[in-house]
Amino acid sequence: MLNVLNSLQNTYSLISPPPLFSPSFSCRIHTYTPIFAIEDLTRYKFAQNPIQINQIHRGKKKMVGAEFEGSTNNAYANGLLQTNNGCLEQKVDELRNLLGKTDDDPLRIVSVGAGAWGSVFAAMLQDGYGHLRDKVQIRIWRRPGRSVDRSTAQHLFDVINSREDVLRRLIRRCAYLKYVEARLGDRTLYADEILKDGFCLNMIDTPLSPLKVVTNLQEAVWDADIVINGLPSTETNEVFEEISKYWKERITVPVIISLSKGIEAELEPEPHIITPTQMISRSTGISMENILYLGGPNIASEIYNKEYANARICGSEKWRKPLAKFLRQPHFIVWDNGDLVTHEVMGGLKNVYAIGAGMVASLTKESATSKSVYFAHCTSEMIFITHLLAKNPEKLAGPLLADTYVTLLKGRNAWYGQKLANGELTLDMGDSIKGKGMIQGISAVKAFYELLSQSHLSILHPEEKTPVAPVELCPILKTLHKILISREVPTQAILQALRDETMNDPRDRIEMAQTHAFYMPSLLGQ
């Protein structure tokens, strides 16, 4: 223990004023019991003057804000405002009754996938309902074995020491020393290990509440009442095919909420796209009535830091209304909507065009004019495409428009486009980026291009009056495919596409979509 504390003292010397580590102070540390020695050292780090230091000495044996996993004793827990316990309990009871739960059988919610949004969603539920342990249990599944590299461990240590609440929490949970050891290079941390302490590997800078983490998929899902799909679309089919093996003998049918915003394409036997909810239904045999999609203008870290946000949960009326009520929090308003197709397709499309938005922002040095021109053209293409996939699609307004806007402004796909354009990233690095996770827009570009370039899906060109593949009316989508997939042109080509003198007014494309019978149910495999 003496050696560990000496190492800890040396580590703190990197981030604390030297006077705090005089020989006399060091000697006093070693006379304490181990846990209080570290906590005293921590409190000294945050003491700003002699009066505070004296207060620390007088109260060093008093544990401030007793905490246990799932507890929300304070008015605020990790930045999330807690509502009245009676109201929360009522919402839980209403959902339990709808699911047919008995008094001694808790509602079991599991999030499958531990990316940024999946982890935040689970943490929000934990913050809101985790204290009702007899009535609801929340856990999250992620694959085991993903190690945390040295640079990330060092950054994680800095984040911990910048947040006094997080630091004290880890000390009380006897979890702090492993981060010290990882900072010194004496230990390897793993993604599932740090997630238990509230650190998502894709979002290190935003500590979450501690989570119940399960690395065995069967253990996580076999008795789940509600499953949250936090997987990228590229992994959804594979994981839910495995899950279906564990549900073969189930009597009750679970409810599944998909957060995934991606699209895949299949060209046989007929060209069509597959949305994550369709993948889940096909893999598990569960009716679409029990599968919903939740989307909206949601930047995960900002939502967890209590920035006001809203979202829509889309699907069957039986489940969307009670789930909207259950998921609603003071800063996170959830509405319900019946148009699952449009919302899920838009969720995939916005990632496509967000990559281009990032490129435009970087190449024009954040020109507001260029970004607004791009926004006008990409939204017109999105409206055109949704009219091919849905008979009466929801208008691009409200949360749908806001989701597009925020993703083009700040999402990971826009970030990727920026880094690609300024040379910090290359296409050879793939679509899974350290610290960000899966860039779903890349596979979505490929999916939509392949789907809309099929010649037998031709529509009449409004000016030339000749049959053309739908993609010919989507110049931005075509250009993104040339940049990202076929790699025929550099990122600067996105600006050339915007500045093409032959490009029509975006309004023309929207009017054409709204006044012509473009709907092709076969594109959704229907």
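Here the structure is a predicted model, which means the values were calculated and not measured. (Residues numbered from 1 in each chain as written. Predicted model: local features only at pLDDT ≥ 70, side-chain atom pairs only at ≥ 80, totals over all residues. Heavy atoms only, no water.)

> Give a detailed account of the overall build of the protein, specifying residues and quantitative values.
When helices and strands are counted, the protein shows 23 helices and 18 strands. When the 526 residues of the protein are sorted by exposure, 55% land in the buried category. In the protein, the proportion of contacts linking residues at least 24 apart, taken out of those at least 6 apart, comes to 72%. Of the accessible surface of the protein, which amounts to about 22,900 Å², a share of 50% is contributed by carbon and sulfur atoms. (Helix = DSSP H or I, 4+ residues; strand = E, 2+ residues; numbered from the N terminus. Buried < 20%, exposed > 50% of the residue type's maximum accessible area, 1.4 Å probe, protein only. Contact = heavy atoms within 4.5 Å. Areas by Shrake-Rupley, 256 points an atom, 1.4 Å probe, with all protein chains shown as cover.)

> Run through the confidence of the model for the protein, naming residues and quoting values.
Of all residues in the protein, 82% attain a pLDDT of 70 or more, and the chain-wide mean is 83. Predicted confidence is poor over residues 4-83, with pLDDT under 50, and the contacts of this stretch with residues over four places away or in other chains come to 131 contacts. (pLDDT = per-residue confidence, 0-100.)

> Which residues make up the sheet that holds strand E4 (residues 136-141), and what values go with them?
Spatial strand order, E7-E4-E3-E8-E9-E12-E13-E14: 8 strands in an open sheet with mixed pairing. Only two strands of the sheet have a single partner each, and these edge strands are strand E7 (213-214) and strand E14 (332-337). Examined bridge by bridge, strand E3 (residues 107-112) and E4 share 6 bridges and lie parallel to one another. Directly across from Val110, in E4, lies its bridge partner Arg139. Most of the contacts of helix H13 (residues 276-284) go to strand E12 (residues 291-295), to which it runs at about 155°, and overall it touches strand E8 (226-229), strand E9 (255-258) and E12. (Pairing = 2+ DSSP bridges. Axes fitted to C-alpha atoms, helices over the stretch in contact; angles between N-to-C directions.)

> Give a detailed account of the side chain of Thr152, specifying residues and quantitative values.
Structurally, Thr152 is set in helix H7 (residues 150-162). Excluding residues within four positions of it along the chain, Thr152 makes contact with Leu201, Ile204 and Lys434.

> Break down the pattern of salt bridges for me, citing the residues and quoting the values.
Side-chain pairs of opposite charge can arise where the charged atoms are in close proximity. Evaluation of the coordinates by the stated rule reveals 28 salt bridges. The salt bridge partner of Arg163 is Asp165, with a shortest N-O separation of 3.0 Å. In this structure Arg163 comes out as partly exposed when scored by relative accessible area, which is 27%. Judged by relative accessible area, which is 39%, Asp165 ranks as partly exposed. When the shortest N-O distance is used, the salt bridge between Asp403 and Lys261 registers 3.6 Å. Placement of Asp403 in helix H18 (residues 398-410) and of Lys261 in the loop between E9 and strand E10 (264-266) is noted, with a sequence separation of 142 residues between them. An identical accessibility class is assigned to Asp403 and Lys261; each is buried. Here the salt bridges do not stand alone but share partners, grouping Lys101, Asp105, Arg108, Arg139, Asp223 and Asp225 into one network. (Salt bridge = Lys/Arg side-chain N within 4 Å of Asp/Glu carboxyl O.)

> How would you summarise the packing of helix H16 (residues 340-363) against helix H20 (residues 440-452) if you had to cite specific residues and measurements?
Interaxial distance between H16 and H20 falls to 8 Å at its minimum, and their mutual angle equals 105°. Taken together, the axes of H16 and H20 lie roughly perpendicular to each other. Contacts between H16 and H20 pair Val345, Gly348, Leu349, Asn351, Val352 and Ile355 from the former with Gln440, Gly441, Ile442, Ala444, Val445 and Phe448 from the latter. Per-class residue counts for the contact of H16 with H20 are 8 nonpolar, 4 polar and no charged. (Parallel < 35°, antiparallel > 145°, perpendicular 65-115°, else oblique. Nonpolar A, V, L, I, M, F, W, Y, C, P; charged D, E, K, R; others polar.)

> Would you mind going over the environment of Leu189 in detail, with residue names and values included?
Along the chain, Leu189 turns up in strand E6 (residues 189-190). Overall, the relative accessible area of 1% leaves Leu189 in the buried class. Non-local contacts of Leu189, meaning those with residues more than four positions away in its chain, are made with Arg146, Ser147, Val148, Leu156, Lys178, Tyr179, Ala182 and Ile194.

> An account of H16 is needed here, citing residue identities and associated values.
End to end, H16 covers 35 Å across 24 residues, agreeing with the expected 34 Å (1.5 Å per residue, within 8%). The buried fraction of H16 amounts to 21 of the 24 residues, a majority that puts the element mostly inside the structure. At the exit of H16 stands Lys365, carrying a positive phi of roughly 55°. (Expected span 1.5 Å × (residues − 1).)

> So what about empty space enclosed by the protein? Which residues, and what values?
Where empty space is left can be seen by rolling a probe of water-molecule size over the atoms. Summed over all chains, the structure comprises 4 cavities of 30 Å³ or more. As a volume, the second largest cavity reaches approximately 50 Å³. Lining the second largest cavity, in full, are Tyr293, Gly295, Gly296, Arg312, His343, Met346, Gly347, Pro399, Leu400 and Asp403. Of all elements in the fold, only E12, H16 and H18 reach the threshold of two or more residues within the lining of the second largest cavity. (1 Å grid on protein atoms, 1.4 Å probe; cavity = no way out; pocket = protein on both sides within 12 Å on 5 of 7 lines; lining within 4 Å. Points joined across faces, edges and corners; volume = space filled by probe spheres on them.)

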